[in-house]
Amino acid sequence: MRNKIIGATIVVILILGAGLFVALQRLSYTYGTYEFMDTYIQVNYSTTRLKQRRIEEEIANIFYTYDQVSNNYKALDSSDYLENVYSINQKVGQKVEIDKPLYDVLVKAESIKTLTDGYFDVSVGKAVDAWKEVIEGNYEGFSIGDSIYVYYYYNGDITDENKVDVHDDGLIEYIERDPNDSNIVLSLTLNINGESIVIDHDDRYEKEVPDAVFNHAMATVDALDFSDNQMILSEEAGSYYVETHGDDFKIDLGAIAKGYATQVVADYLKSEGVTYFYINSGTSSLYLGKNSNPDRDYYTIGLTCPVCSVGGSYGTLSNVMNQSVTTSGNYEQYVMHDGLRYHHIVSPKTKVPMQYYHSVSLVSDDAGLLDALTTAMFSMPEDVFDLWVTEHQEELNLSIVRYNYNVDTTDIIYLNLLGDITFEEE
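What you see is a predicted model; the values in this text were computed from it and never measured. (Residues numbered from 1 in each chain as written. Predicted model: local features only at pLDDT ≥ 70, side-chain atom pairs only at ≥ 80, totals over all residues. Heavy atoms only, no water.)

**Regarding the state of the cysteines**
Here is step 1 of the chain: If you walk through the whole model with that rule in mind, you get one disulfide.
Here is step 2 of the chain: Here C305 engages in a disulfide with C308; their sulfurs sit 2.1 Å apart. In this structure the cystine formed by C305 and C308 twists about its S-S bond by roughly 85 degrees; its chirality is therefore right-handed.
Here is step 3 of the chain: With relative accessibility at 36%, the residue C308 sits in the partly exposed group. (Disulfide = S-S within 2.5 Å. Buried < 20%, exposed > 50% of the residue type's maximum accessible area, 1.4 Å probe, protein only.)

In structure tokens, the structure reads:
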């Protein structure tokens, strides 16, 4: 077995009365691993003891397969598969035989590229790499002249009356350090629009990425040309092939592979007659079957607040059952520059992370589709977004919650829900 199972638990469900025998044949089994697609994945489901081991192994094999073939930063660990994304990216211009799981993901990706008019495009991996390098840089420590973005600070005691909302950036004028340990910063004095303010550990602020780093990333992506990128997929006598073209062509499946694998697992569980289950693929991609809670069949899902200082959610989605909930947002992987968040979701149109929204959440019945769609829609300007929704929402059965970027507007949260899905703001 090519996987590691962490923290597996078995809980026998006890039901009184005539259903006791059936209940004793059913168990709730939690499976988790940190090994797949750099993500902690948890699958909780109820099945019989006879099926449990086989289902457990198949779930692991499914995630292992997509982890291997979608990897774009290292070669395959074994000879179980023909190629992965990393090896294909070394063979631009060549026709390469690949395994059917990878072929299916690429076919899905190309169909979504067409569906979104190019706002989803797996061939722009070089632009994604450029911004990933910026986000993963080490910007610790403070120096005079560094830029700091301030969300708010307390002018005196930590009370609501003394809280001052700023939402602006300023330059460090003075650094107060602990006299016994110069590595400990007690407070920073900033110049924001000609006014000096003092911030400390009770306030909400972030250091901005240096201009030199940001400008280097912009120059790198400006030099990229994706206009000639082309991917040709073909099937011949039961074998599957991909051929890529373009000087700056590089496949990155980070915005679809995890959701696609999640959907494959969900379909497998249903094929095994599993009714009660949920799949948590790193919180941004969920698939929810039927809730085993005797009080309700559906799930209620909290949506992470992208601007709150201490986590929490800004609202909940209810009546979710046999559907996926997927979110793309700018609140986990990003850096600040000139007061804007530069995150890991790169627009294929501009080659730059855009600042239209803080998060986009979708509900429908296909986790693979939603993984890619939230990425695409996150990069759409509001007029393009709204027109796309008008054209495609009903055919795709999409429920949509969007948290807009400008927190000063009165319509921060955009809602467009279908069916029984409801939203309650917190």
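**Digging into the sheet that holds strand β5 (residues 147–154)**
Here is step 1 of the chain: Spatially, the five strands line up as an open sheet ordered β8-β7-β6-β5-β9, and their pairing is antiparallel. The sheet is open, and its two edges are formed by β8 (195–200) and β9 (204–207), each paired on a single side. Strand after strand, the sheet turns through a mean of 40 degrees between neighbouring axes, direction not considered.
Here is step 2 of the chain: Sheet topology note: the strand β6 (residues 163–178)/strand β7 (residues 181–192) ladder contains seven bridges and is antiparallel. (Pairing = 2+ DSSP bridges. Helix = DSSP H or I, 4+ residues; strand = E, 2+ residues; numbered from the N terminus. Axes fitted to C-alpha atoms, helices over the stretch in contact; angles between N-to-C directions.)

**Remarks on the pattern of salt bridges**
A side chain with one charge may pair with a side chain of the opposite charge, provided their charged atoms come close.
Here is step 1 of the chain: Scanning the model with the defined rule gives 15 salt bridges in all.
Here is step 2 of the chain: Residues D104 and K100 are paired through a salt bridge, measuring 2.9 Å at the closest nitrogen-oxygen approach. Taken together, the residues span about one helical turn, with D104 and K100 both in helix α4 (residues 100–115) at a distance of four residues.
Here is step 3 of the chain: Given a relative accessible area of 40%, K100 falls into the partly exposed group.
Here is step 4 of the chain: Three or more residues are tied together by salt bridges with common partners; here these are K51, R54 and E272. (Salt bridge = Lys/Arg side-chain N within 4 Å of Asp/Glu carboxyl O.)

**Observations regarding the packing of helix α5 (residues 125–135) against helix α6 (residues 211–222)**
Here is step 1 of the chain: Close contact between α5 and α6 brings their axes to 9 Å; oriented N to C, the two are set at 175 degrees. It follows that α5 is roughly antiparallel to α6 by the angle criterion. Every residue of α6 that contacts α5 at A127, A130, W131 and V134 is listed here: V213, F214, A217, M218, T220 and V221.
Here is step 2 of the chain: The class makeup of the residues in the contact of α5 with α6 is nine nonpolar, one polar and no charged. (Parallel < 35°, antiparallel > 145°, perpendicular 65-115°, else oblique. Contact = heavy atoms within 4.5 Å. Nonpolar A, V, L, I, M, F, W, Y, C, P; charged D, E, K, R; others polar.)

**Digging into α5**
Here is step 1 of the chain: Residues of α5 that are buried: G125, A127, V128, A130, W131, V134 and I135.
Here is step 2 of the chain: Of the surrounding secondary structure, the elements contacted by the buried residues of α5 are α6, β17 (334–337) and β18 (340–343).

**Some remarks on the nonpolar core**
Here is step 1 of the chain: If you look at the biggest cluster of nonpolar residues, it comprises 65 residues, and the most contacted ones within it are F63, L253, L269, L373 and M377.
Here is step 2 of the chain: Top element by residues in this core is helix α8 (residues 367–378). It accounts for eight residues.
Here is step 3 of the chain: If you look at the next biggest cluster of nonpolar residues, it comprises 17 residues, including Y299, L303, C305 and I421. (Core = buried A, V, L, I, M, F, W, Y, C linked by side-chain atoms within 4.5 Å.)

**Re the sheet that holds strand β22 (residues 422–425)**
Here is step 1 of the chain: The antiparallel open sheet is built from three strands, whose spatial order is β14-β15-β22. In this open sheet, the two edge strands, each paired with only one partner strand, are β14 (299–304) and β22. With strand direction ignored, the average angle separating the axes of adjacent strands in the sheet is 25 degrees.

**A short note on the packing of aromatic side chains**
Here is step 1 of the chain: All told, the structure shown has 17 aromatic pairs when counted by the stated rule.
Here is step 2 of the chain: A ring pair is formed by Y149 and Y151, whose centres lie 5.0 Å apart and whose planes are at 80 degrees; its orientation type is edge-to-face. Neither residue differs from the other here; Y149 and Y151 are each classed as buried.
Here is step 3 of the chain: Arranged with centres 6.4 Å apart and planes meeting at 75 degrees, the rings of Y357 and F378 form a pair that is edge-to-face. Taken together, the residues span a long stretch of sequence, with Y357 in strand β19 (residues 357–364) and F378 in helix α8 at a distance of 21 residues.
Here is step 4 of the chain: Given the relative accessible area of 1%, Y357 is considered buried.
Here is step 5 of the chain: The residue whose ring lies beneath R341 is Y334, and the NZ or CZ to ring-centre distance is 4.6 Å.
Here is step 6 of the chain: Lying across the ring of Y414, R402 places its NZ or CZ 4.2 Å from the centre. (Phe/Tyr/Trp six-rings, centres within 6.5 Å; stacked < 30°, edge-to-face > 60°. Lys NZ or Arg CZ within 6 Å of the ring centre and 35° of its normal.)

**Describing the side chain of S70**
Here is step 1 of the chain: Within the secondary structure layout, S70 lies in helix α2 (residues 49–70).
Here is step 2 of the chain: On the basis of relative accessibility, which here comes to 12%, the residue S70 falls in the buried class.
Here is step 3 of the chain: Residues within four places of S70 in sequence aside, it is in contact with M37, V85, L253 and A257.

Any functional reading would require information that these geometric values do not contain.
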